[in-house]
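# Topology and contacts: notes
What follows is the residue order along each chain.
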Amino acid sequence: MIEYLSGNIFYWHWIIFGLAIITIELFATLFIMLWLGLAAIIVGILQLVIGIDLSIQLIVWLRLSTIFLLFWHKLIRS
């Protein structure tokens, strides 16, 4: 299954996923989904530019999401 997904997940999947998450954020107004969507869009751009593997894409998305959320939390606290 991973082989199938690795060959069939393209950059535009990530960009649409990111835009969908950001659209959900418009209705939720929690500012959490915004950062997850932004991270997905960045992964889509990385996939377009350098063509990374699916496992690397997921790791980059999780790490970027975590970094953005921690940055947002630190920004709110100050």
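Note: the structure precedes this text.
All chains use their own residue numbering, which begins from 1 and follows the written sequence. Per-residue local features of the predicted model are confined to residues with pLDDT of at least 70, and side-chain atom pairs are confined, for both listing and counting, to 80 or more; whole-chain, interface and lining totals are unaffected and use all residues. Values shown for side chains rest on all heavy atoms present in the structure; no hydrogens or waters enter the calculation.

Helical segments are the DSSP runs of H or I of at least four residues, strand segments are the runs of E of at least two, and each set is numbered from the N terminus. Tallying secondary structure elements over the chain gives four helices and zero strands in all. Sequence-ordered secondary structure for the chain, helices as α and strands as β, is α-α-α-α. C-alpha extents for the chain along the principal axes are approximately 45 × 25 × 25 Å. Three labels apply to residues, based on accessible area from a 1.4 Å probe with only protein chains included: buried if under 20% of the type maximum, exposed if over 50%, partly exposed otherwise in between. Looking at the chain as a whole, 26% of its 78 residues qualify as buried. Sequence-distant contacts, at least 24 apart, represent 56% of the contacts inside the chain between residues at least 6 apart. Under the convention used here, a 1.4 Å probe and the Shrake-Rupley method define accessible areas, while residue burial counts only the protein chains that appear. Carbon and sulfur atoms form 78% of the exposed surface of the chain, whose accessible area is close to 5500 Å². Whether two residues are in contact is decided by their heavy atoms, any of which lying within 4.5 Å being enough.

Attention shifts here to helix 3 (residues 33–50). How far a helix is expected to stretch is found by multiplying one less than its residue total by 1.5 Å. Taking 1.5 Å as the rise per residue, helix 3 with 18 residues should run 26 Å; its terminal C-alpha atoms sit 26 Å apart, in good agreement. Among the residues making up helix 3, those that are buried are Trp-35, Leu-36, Gly-37, Ala-39, Ala-40, Ile-41, Val-43, Gly-44 and Gln-47. Looking at the packing, one finds that the buried side of helix 3 touches helix 2 (11–28) and helix 4 (54–77). Gly-51, located one to two residues past helix 3, shows a positive phi value of around 65°.

Here the focus is a nonpolar patch on the surface. Where nonpolar side chains cluster on the molecular surface, the patch consists of Phe-10, Tyr-11, Trp-12, Ile-16, Ile-45, Leu-46, Leu-48, Val-49 and Ile-50 and spans about 870 Å² of accessible area. Listing elements by their share of the nonpolar patch, those giving two or more residues are helix 2 and helix 3. Take the nonpolar patch: its biggest share by element is five residues, from helix 3. Tracing the backbone through its elements, the reader meets Leu-48 in helix 3. Patch definition: residues with relative accessible area over 30% and no salt bridge; like charges joined within 9 Å; nonpolar side chains (Val, Leu, Ile, Met, Phe, Trp, Tyr) joined within 5 Å. Each reported salt bridge corresponds to a side-chain nitrogen of Lys or Arg within 4 Å of a carboxyl oxygen of Asp or Glu.

Note: most residues except glycine have negative phi, and most peptide bonds are trans. One non-glycine residue, Phe-31, lies in positive phi territory at about 60°. Taking the relative accessible area as the measure of exposure, Phe-31 reaches 42% and is therefore partly exposed.

Moving on, we come to helix 4. Relative to the 34 Å expected for 24 residues at 1.5 Å per residue, helix 4 spans 34 Å between its end C-alpha atoms, a close match to the ideal helical length. Of the positions making up helix 4, those classed as buried are Leu-54, Gln-57, Trp-61, Leu-64, Ser-65 and Phe-68.

Between helix 3 and helix 4, the shortest axis-to-axis distance is 8 Å and the interhelical angle comes to 140°. As summarised for this structure, helix 3 and helix 4 are arranged oblique, according to the angle between their axes. Crossing of helix 3 over helix 4 shows right-handed handedness. Here Trp-35, Leu-36, Leu-38, Ala-39, Ala-40, Ile-42, Val-43, Leu-46 and Gln-47 of helix 3 lie close against helix 4, whose contacting residues are Gln-57, Val-60, Trp-61, Leu-64, Ser-65, Phe-68, Leu-69 and Trp-72. Polarity classes work like this: nonpolar for Ala, Val, Leu, Ile, Met, Phe, Trp, Tyr, Cys and Pro, charged for Asp, Glu, Lys and Arg, and polar for all others, with Gly in that last group. Its residues assigned to classes, the contact of helix 3 with helix 4 comprises 14 nonpolar, three polar and no charged. Orientation is described by lines fitted to C-alpha atoms, with helices fitted over the stretch in contact, and by angles between N-to-C directions that extend from 0 to 180 degrees. An angle below 35 degrees is treated as roughly parallel, one above 145 as roughly antiparallel, one from 65 to 115 as roughly perpendicular, and anything else as oblique. Handedness of a crossing follows from how the near helix is turned relative to the far one, being left-handed for an anticlockwise turn of less than a right angle and right-handed for a clockwise one.

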